[in-house]
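Analysis of the macromolecular model
Given next are the chains, with one letter for each unit.
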Amino acid sequence: MHPEMPWAWLLVGLALYGASMAMVLRATLGQIPWDVLHVGVSHHIPLSFGTIVIGVSLLVLLGWIPLRQKPGLGTIGNALLIGPSADLVLSILDEPSGTVWRVVLLLGGVVLNGVATGMYIGSQFGPGPRDGLMTGLARITGGSIRVPAAYQGLHGIRTTHGLLPRDGLLPL
């Protein structure tokens, strides 16, 4: 792919991101953090995994409103395209029978997730819904995305507006 084709990087990155989610799920050795929520919801709501990913993405985007975050085209693409990609791959990828193949699928999914993230973020069409929520919260609280939560207080959010102690609710 030519580096001057950011739309292609975005679309391929989002498709690969959904595929990586499906690979990690099919490996059954762990889950991508937000997928714990997606899978949990899928146990209570009779919708496909990908449809739940879209629904959660749209709900997270509502959290952008009070943060005054502005979504880009990549943000909307992320919210609407990753779920169908995951569903497509889940429909054709069987669960491996042996532990070695599960580990291979898990590691492949993790590596692909990193590559896919670099592609869609590198296209510079805006962060995903979850990324934007994190950066918006960090912006308004003064917390750092790079410094571990243990050094900032509860959940990595350090208050700076005098409403709560500056070292967090539960200093560690």
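These numbers come from a predicted model, not from an experiment.

The α-helix winds at 3.6 residues per turn, so residues separated by three or four positions along the chain end up facing the same way. Over its 13 residues, helix H7 (residues 129–141) extends 18 Å from the first C-alpha to the last, a length consistent with the 18 Å expected when each residue adds 1.5 Å. Buried within H7 we find Pro129, Arg130, Gly132, Leu133, Gly136, Ala138 and Thr141. Looking at the buried side of H7, the elements it contacts are helix H2 (33–42), helix H3 (49–62), helix H4 (64–67) and helix H5 (73–92). The positive-phi residue at the C-terminal boundary of H7 is glycine 142, with phi of around 85°.

For the rest of this paragraph, the subject is the packing of H3 against H5. Taken N-terminus to C-terminus, the directions of H3 and H5 make an angle of 165°; their axes are 7 Å apart at the nearest point. As judged from the angle between their axes, H3 and H5 are roughly antiparallel. For H3 against H5, the interelement crossing comes out right-handed. On H5, the residues that touch Phe49, Gly50, Thr51, Val53, Ile54, Ser57, Leu58 and Leu61 of H3 are Thr75, Ile76, Ala79, Leu80, Ile82, Gly83, Pro84, Ala86, Asp87 and Leu90.

A few words now on the confidence of the model for the chain. Per-residue confidence for the chain averages 85 on the pLDDT scale, and 82% of its residues sit at or above 70. Considering each helix and strand of the chain separately, the mean pLDDT is smallest for H7, with a value of 85, and largest for H5, with 96.

A cluster of nonpolar side chains, Leu11, Leu58, Ile76, Leu80 and Leu81, forms an exposed patch at the surface whose accessible area comes to about 400 Å². Of the residues forming the nonpolar patch, the biggest block, three residues, is contributed by H5. With respect to the element layout, leucine 11 can be found in helix H1 (residues 6–27). Of the residues examined, leucine 11 reaches a relative accessible area of 44% and is grouped as partly exposed.

The rules we used
Residues numbered from 1 in each chain as written. Predicted model: local features only at pLDDT ≥ 70, side-chain atom pairs only at ≥ 80, totals over all residues. Heavy atoms only, no water. Helix = DSSP H or I, 4+ residues; strand = E, 2+ residues; numbered from the N terminus. Expected span 1.5 Å × (residues − 1). Buried < 20%, exposed > 50% of the residue type's maximum accessible area, 1.4 Å probe, protein only. Contact = heavy atoms within 4.5 Å. Axes fitted to C-alpha atoms, helices over the stretch in contact; angles between N-to-C directions. Parallel < 35°, antiparallel > 145°, perpendicular 65-115°, else oblique. Left-handed = near helix turned anticlockwise from the far one by under 90°. pLDDT = per-residue confidence, 0-100. Patch = residues over 30% accessible without salt bridge, like charges linked within 9 Å, V, L, I, M, F, W, Y side chains within 5 Å. Areas by Shrake-Rupley, 256 points an atom, 1.4 Å probe, with all protein chains shown as cover. Salt bridge = Lys/Arg side-chain N within 4 Å of Asp/Glu carboxyl O.

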